[in-house]
Amino acid sequence: QVQLVESGGGLVQPGGSLRLSCTVSRSIESINAMGWYRQAPGKQRELVATITQGGNTNYADSVKGRFTIFRDNAKKTVYLQMDSLKLEDPAVYYCNANIRQHWWSTPHDYWGQGTQVTVSS
């Protein structure tokens with residue numbers, strides 16, 4: 001089975017930085033778009049950033065200029081560099097990837113297990 005394994009969450013003070021990573025756990029045919037989403041308690045899950053196979057990126061207005069998404073296709077990994085973290089950023093962050101597992105299968109979306117990001121002074 002395809003799994004997305006996340007790491008890098010933790011506790012940081014306002015203004016600090018974290019880097020999240022998400023790696024596809026097994027051999028697959030291809031990876032299309034990848035992205036990061038987040039969900040705070042009592043709120044809807046929201047898009048944070050996405051990146052296409054070719055490297056084109058898109059960011060939520062709330063994180064523009066502070067977060068950077070990038071990917072390493074050889075390592076089957078997507079990263080989210082988070083700088084200048086604010087008190088509004090704490091949430092569980094989820095990795096997403098659209099993957100064609102086999103040449104004979106159609107692409108599907110897969111989700112990571114989520115990693116907690118806490119910002120506290």
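Residues numbered from 1 in each chain as written. Predicted model: local features only at pLDDT ≥ 70, side-chain atom pairs only at ≥ 80, totals over all residues. Heavy atoms only, no water.

## A few points about the pairing of strand β8 (residues 77–82)
Counting buried residues in β8 gives six out of six residues, a clear majority hidden from the surface. Burial along β8 is two-sided: the residues Thr77, Tyr79 and Gln81 and Val78, Leu80 and Met82 are all buried. Of the strand pairs in this sheet, strand β3 (residues 18–24) and β8 are connected by six bridges, and their pairing is antiparallel. Paired with Leu18 across the strands is Met82, a residue of β8. With six bridges joining them, strand β7 (residues 67–72) and β8 adopt antiparallel strand pairing. The partner of Phe67 across the bridge, within β8, is Met82. As consecutive antiparallel partners, β7 and β8 are separated by four residues, and within that stretch Lys76 has a phi angle of approximately 55°, a positive value. (Buried < 20%, exposed > 50% of the residue type's maximum accessible area, 1.4 Å probe, protein only. Helix = DSSP H or I, 4+ residues; strand = E, 2+ residues; numbered from the N terminus. Pairing = 2+ DSSP bridges.)

## A closer look at the state of the cysteines
Think of a disulfide as a covalent bridge from one cysteine sulfur atom to another cysteine sulfur atom. Counting across every chain of the model gives one disulfide. Residue Cys22 pairs covalently with Cys95 via a disulfide, S to S 2.1 Å. Its S-S torsion of about -80° marks the bond between Cys22 and Cys95 as left-handed, since a negative value means left-handed. Placement of the pair is Cys22 in strand β3 and Cys95 in strand β9 (residues 91–100), with a sequence separation of 73 residues. Summarising the burial analysis for this pair, Cys22 and Cys95 share the class buried. (Disulfide = S-S within 2.5 Å.)

## What about the packing of aromatic side chains?
The description of an aromatic ring pair rests on the distance of the ring centres and on the angle between the ring planes. Evaluated as defined, the whole model comprises three aromatic pairs. Summarising the aromatic geometry, the rings of Trp103 and Trp104 are spaced 5.6 Å apart at their centres and angled 90° between planes, so their arrangement reads as edge-to-face. The burial state of Trp103 is the same as that of Trp104; both residues are exposed. Taking NZ or CZ as reference, Arg45 lies 4.0 Å from the ring centre of Tyr94, over its face. One residue, Arg45, lies across the ring of Trp111, its end atom 4.7 Å from the ring centre. (Phe/Tyr/Trp six-rings, centres within 6.5 Å; stacked < 30°, edge-to-face > 60°. Lys NZ or Arg CZ within 6 Å of the ring centre and 35° of its normal.)

## Overview of the nonpolar core
With 32 residues, the main nonpolar core has Trp36, Leu80, Met82, Tyr93 and Ile99 as its most contacted residues. Of all the secondary-structure elements, those providing two or more residues to this core are β3, β4 (30–39), β5 (46–51), β7, β8, β9 and β11 (115–119). At five residues, β9 tops the list of elements feeding residues into this core. (Core = buried A, V, L, I, M, F, W, Y, C linked by side-chain atoms within 4.5 Å.)

## Some remarks on the environment of Val119
Relative to the assigned elements, Val119 resides in strand β11. When the C-alpha positions of Val119 and Gly42 are compared, they lie 17 Å apart, and in sequence the two are 77 residues distant. Not counting residues within four places of it along the chain, the set of residues in contact with Val119 comprises Val12, Gln13, Pro14, Leu85, Lys86, Leu87, Asp89 and Pro90. (Contact = heavy atoms within 4.5 Å.)

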